[in-house]
Amino acid sequence: MRWLVGYGGLTLDGHPIQERSTVFVVDDDPSVLRSLVRMFQLEGYTVESFAHPRPMLERVPGERPGCVVMDLRMPELNGLELQEELRRAGWKQPIIFISGHGDVPAAVKAMKAGAVDFLPKPFSPAELLAAVARAVAQDRAVMAADGEREALRTRFSSLSPREWQVCQRVAQGLLNKQIAAELGTAEQTVRLQRGRVMEKLAVDSVAELVRLMERLDA
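Conventions adopted
Residues numbered from 1 in each chain as written. Predicted model: local features only at pLDDT ≥ 70, side-chain atom pairs only at ≥ 80, totals over all residues. Heavy atoms only, no water. Helix = DSSP H or I, 4+ residues; strand = E, 2+ residues; numbered from the N terminus. Buried < 20%, exposed > 50% of the residue type's maximum accessible area, 1.4 Å probe, protein only. Contact = heavy atoms within 4.5 Å. Axes fitted to C-alpha atoms, helices over the stretch in contact; angles between N-to-C directions. Parallel < 35°, antiparallel > 145°, perpendicular 65-115°, else oblique. Left-handed = near helix turned anticlockwise from the far one by under 90°. Nonpolar A, V, L, I, M, F, W, Y, C, P; charged D, E, K, R; others polar. Pairing = 2+ DSSP bridges. Expected span 1.5 Å × (residues − 1).

1. Observations concerning the environment of P125
Moving on, step 1. For P125, the location among the structural elements is in helix α5 (residues 125–157).
Moving on, step 2. We classify P125 as buried; its relative accessible area is 1%.
Moving on, step 3. C-alpha separation for the pair P125 and F40, spaced 85 residues apart in sequence, amounts to 9.7 Å.

Following this line, the structure appears as structure tokens:
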């Protein structure tokens, strides 16, 4: 593989994109594998390399943000088959394919199955590093969104079943007396339950509550 000199670290929002990020590299060509590992390490990434697809499938899916860089043509399992097996095993990291034998049908199939990029060899380090930076940024964003939704689910889980019913109707814009009529309870009771909902969810207005529920359903 022909590498170009002069590549440097990429950043996102002023912070190193490599920070606490892992690049998983799968390639059965020892020289290519060594080159990729060395390049990513120099860029500050944590790197895990695999000369064969099977050992990667035995690994627990990565928990830190990162991506997978893999060759298309490999023994036993080709890249497309490994992509499918990784998804079945619970891997969520974005996948970048590299290949000296890639063709349009393979690229289309890879992208439809969720790959974020397909780079035909030869490619420059800058091209691959840019693809990896985009993939890691995407994974960070997905993990952040997942974390936010999990935190929201925890907050909403603190509501009792009746408080949840009140919460839904408050978000729909119903007045306390309308909620009381729907739930067959006293307006004063609804007022108290509404207050507990706002307190538990740490919101001060109906508009905030609506936005919170929209983020929960996003």
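Having seen the structure, we can now continue with the description.
2. Observations regarding the side chain of Q93
Moving on, step 1. Tracing the chain through its elements places Q93 in the loop between α3 (79–88) and β6 (95–99).
Moving on, step 2. Judged by its relative accessible area of 3%, Q93 is buried.

3. Some words on the environment of P94
Moving on, step 1. Mapped onto the secondary structure, P94 falls in the loop between α3 and β6.
Moving on, step 2. In this structure the C-alpha to C-alpha distance between P94 and G66, which are 28 residues apart in sequence, comes to 7.5 Å.
Moving on, step 3. The residues contacting P94, other than those within four sequence positions of it, are G66, C67, V68, R87, V116, A135, Q138 and D139.

4. Examining the packing of helix α8 (residues 187–201) against helix α9 (residues 206–217)
Moving on, step 1. Interaxial distance between α8 and α9 falls to 11 Å at its minimum, and their mutual angle equals 60 degrees. On the basis of the axis angle, α8 is oblique to α9. Seen from above, α8 lies across α9 with left-handed handedness. Residues R194, M198 and L201 of α8 touch α9, and the partners they reach there are V206, L209 and L212.
Moving on, step 2. Grouping the amino acids of the contact of α8 with α9 by side-chain chemistry returns five nonpolar, no polar and one charged.

5. Some words on unusual backbone geometry
Moving on, step 1. Of note, A202 is a non-glycine position whose phi angle comes to about 60 degrees, a positive value.
Moving on, step 2. Positionally, A202 belongs in the loop between α8 and α9.
Moving on, step 3. Look at A202 and you get exposed, because its relative accessible area is 56%.

6. Details of the sheet that holds strand β4 (residues 46–50)
Moving on, step 1. With parallel pairing, five strands are arranged side by side in an open sheet as β4-β3-β5-β6-β7. With partners counted over all chains shown, the strands left at the sheet margins are β4 and β7 (117–120), one partner each. Recorded for the sheet is a direction-independent mean angle of 20 degrees between the axes of neighbouring strands.
Moving on, step 2. Taken together, the five bridges between strand β3 (residues 22–26) and β4 define a ladder with parallel strand orientation. Note on β4: the bridge partner recorded for V25 is S49.
Moving on, step 3. The strands touched by α3 within the sheet are β3, β5 (66–71) and β6, with β6 carrying the most contacts at an inclination of about 165 degrees.
Moving on, step 4. Where α5 meets the sheet, its contacts fall on β3, β5, β6 and β7, and the angle it forms with β5 comes to roughly 135 degrees.

7. Some details on helix α1 (residues 30–42)
Moving on, step 1. Its 13 residues give α1 an end-to-end C-alpha distance of 18 Å, which sits within 8% of 18 Å, the value for a rise of 1.5 Å per residue.
Moving on, step 2. All of the buried residues along α1 are V32, L33, S35, L36, V37, M39 and F40.
Moving on, step 3. Where α1 is buried, its residues touch β3, β4, β5, β6 and α5.
Moving on, step 4. Where α1 ends, the next residue or the one after it, G44, has phi of about 100 degrees, a positive value.

8. Details of the environment of A113
Moving on, step 1. Its location among the elements puts A113 in the loop between α4 (104–112) and β7.
Moving on, step 2. Between the alpha carbons of A113 and Q83 there is a distance of 7.9 Å; along the sequence they are 30 residues apart.

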